[in-house]
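Structural overview
As a plain string of letters, each chain reads:
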Amino acid sequence: MITSRLGSTTTLLTSSASVKRRTYLLPSLTFLAMGCLLHIFAYQSLEPVVAGVIFFMLGACLLRLPSVGGDFERVGFRLAFAVGWFMASIAAVYANYLNDPMQNLSDSAMFFELASGKASSMSLIAIQAITEGAGAVGIWRAVYDGFAVIGFEKGRYLGVLVNVTLVAFSCVLAVKIARLVYGNDTSRLNRLIVLFSMCGLFWLFAALHVRDGFILLGVTALSHVWTRYLAKPEIQNIVFLVAATVFAFAFFGLFRAEFLFVPLAMLVAGLATILMFGKFRGNRKVIIYILALTGVVITGVLFLNFQEELFTSLIKGYQSYGEAADTSSDSLGLTLIVNQPILLRLILGSSYLYIFPIPFWSGLELGTAYHLFKSFNALFFYALIPLIALSILIIARDKAVRTPSLMFQLFIMIGFTLAIAGTSLEGRHLGAFLVPLLVLVLLPDLTLKKYRNTYKIFLVTFLFMMTMLHLTWLVMKV
């Protein structure tokens, strides 16, 4: 847990019960109301609103269980669900009135057709022959069939509501991770909830009929299990960690096979964190090193068993983006990144993932909610990148903050950014790993003036750099 050197002891020891129950209540109600009105307009029906209320109430009831939710978790779920619901209504307008090609003709349309009827009599194995997202199709199908029994039409909004709920519960897990890293710090937990709810990639995951909401929840859940073990290295936590890692292979195999490397990558990041930043003494230190060595052996065995699938996924991702980029020979990404040697591609691609698209307003011109959300996500990253820089600066300067639970978030951020930069170079894939990043950027205590001032300096500098980059783009296009 981060010590009071980065913030007041009073703030750090604030009880989660002290969070005001009306925190972000007005924004939540506003987004919920606007979402309801737009859904009625988009579908010309009250059914989406009734279904939305059912999903929200089921989630809220689950979070009343003491072992599942606390006050901050409930606030996070409420705001993330409300924002996701509103963004889903915008996407519905795009799909139903603007003939959004990304929703009506691409993977989103395929998933909707399979889940709402085309795959009604198919087994998961049969569905896997059509799509590697068979697990998502199976869950969506159960929801469509369940609501059909009580008289609902199989509208796209039902599958999207599943995604909205998954993203909202990812926010709940994000709060739990932040609590393990920083304690019950009201300021940091509230900031996390706002950052999560304002992320454009999370809007995309919630609002479109895609499987990324499942992937986000799966990655975040595994990250939470690892963080809990690193913060509290107890026997029951390592047993739970082993079980979760094994389960994760089956999970990603059903939902996105190309992410089979995720449990292995987290295992490597976790072992590196333990060996580099774990503070153990005596017999406990020996036990930890034995467990770490065992983990290395397990990693090697799993790698040997899955190496063909892993390399196939990596090569497929690398080639797919190159082929897509070839259709746009004047693409800035193709010219400066995709065709570069792998080392240079990793460096440039990692930066590109966080500032794409260039120009940021391109998504406003393409007539699809998919690119609209990506454009807004670029603006979100413009505010976030200076926080990333400030967090890394604090870690570099202050050894006391380098706890295993925090450094694990940093390792995940770096590792998965490089992995995506070297393969698909798709910002949407990065979104699945953003929760550790959002936890990391909570490190600067913005209640302190020195950190606020430093952030402002970093922000102004970065915005100036992005302005110059956009001007350069304009000059190249003229």
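Okay, so let's go over this structure.

Calculation criteria
Residues numbered from 1 in each chain as written. Predicted model: local features only at pLDDT ≥ 70, side-chain atom pairs only at ≥ 80, totals over all residues. Heavy atoms only, no water. Helix = DSSP H or I, 4+ residues; strand = E, 2+ residues; numbered from the N terminus. Buried < 20%, exposed > 50% of the residue type's maximum accessible area, 1.4 Å probe, protein only. Contact = heavy atoms within 4.5 Å. Areas by Shrake-Rupley, 256 points an atom, 1.4 Å probe, with all protein chains shown as cover. Phe/Tyr/Trp six-rings, centres within 6.5 Å; stacked < 30°, edge-to-face > 60°. Lys NZ or Arg CZ within 6 Å of the ring centre and 35° of its normal. Expected span 1.5 Å × (residues − 1). Core = buried A, V, L, I, M, F, W, Y, C linked by side-chain atoms within 4.5 Å. Salt bridge = Lys/Arg side-chain N within 4 Å of Asp/Glu carboxyl O. Axes fitted to C-alpha atoms, helices over the stretch in contact; angles between N-to-C directions. Parallel < 35°, antiparallel > 145°, perpendicular 65-115°, else oblique. Left-handed = near helix turned anticlockwise from the far one by under 90°. Nonpolar A, V, L, I, M, F, W, Y, C, P; charged D, E, K, R; others polar.

With that out of the way, let us pick up the overall build of the chain. When its secondary structure is counted, the chain shows 22 helices and zero strands. Buried residues in the chain amount to 55% of all 478 residues. The long-range fraction of contacts in the chain, counting pairs at least 24 apart against all pairs at least 6 apart in sequence, stands at 78%. Surface accessibility of the chain: about 21000 Å² in total, with carbon and sulfur atoms responsible for 69%.

What follows is about the packing of aromatic side chains. The full count for this structure, using the stated rule, is 35 aromatic pairs. A cation over a ring is seen here: arginine 156 above phenylalanine 112, with NZ or CZ 5.2 Å from the ring centre. Residue placement shows arginine 256 over the ring face of phenylalanine 259; its charged tip is 5.4 Å from the ring centre.

The next subject is helix H12 (residues 212-231). In a regular helix each residue adds 1.5 Å, so 20 residues correspond to 28 Å; H12 covers 28 Å between its end C-alpha atoms and thus fits that length. Taking burial as the measure, the 20 residues of H12 include 16 buried ones, the bulk of the element.

Moving on, we get to the nonpolar core. In this structure, Phe81, Phe196, Phe202 and Phe373 are the most contacted members of the largest nonpolar core, which totals 145 residues. Sorting elements by how many residues they give to this core places helix H9 (residues 156-182) first, with 18 residues. Filtering out sequence-adjacent residues up to four positions away, phenylalanine 202 remains in contact with Val167, Phe196, Leu216, Gly431, Leu434, Val435 and Leu438.

On to the side chain of threonine 245. If you trace the backbone, threonine 245 turns up in helix H13 (residues 235-255). Contact partners of threonine 245, with chain neighbours within four places excluded, come to Leu222, Trp226 and Pro263.

Looking now at helix H11 (residues 200-207). Most of H11 sits out of view: eight of its eight residues are buried. All buried positions along H11 are accounted for by Gly200, Leu201, Phe202, Trp203, Leu204, Phe205, Ala206 and Ala207.

Right, let's get into the pattern of salt bridges. One pass over the full model with this rule turns up ten salt bridges. A salt bridge links aspartate 145 to lysine 154; its shortest N-O distance comes to 2.9 Å.

As a further point, take the packing of H9 against helix H10 (residues 186-197). The interhelical angle for the contact between H9 and H10, taken along N-to-C directions, is 150°, at an axis separation of 10 Å. For the element pair H9 / H10, the angle class is roughly antiparallel. In terms of crossing hand, the pair formed by H9 and H10 is right-handed. Contacts between H9 and H10 involve Val167, Ser170, Cys171, Ala174, Val175, Ala178, Arg179 and Tyr182 from the former and Arg188, Leu189, Leu192, Ile193 and Phe196 from the latter. Of the residues belonging to the contact of H9 with H10, the class tally is ten nonpolar, one polar and two charged.

Structural measurements only, silent on function.
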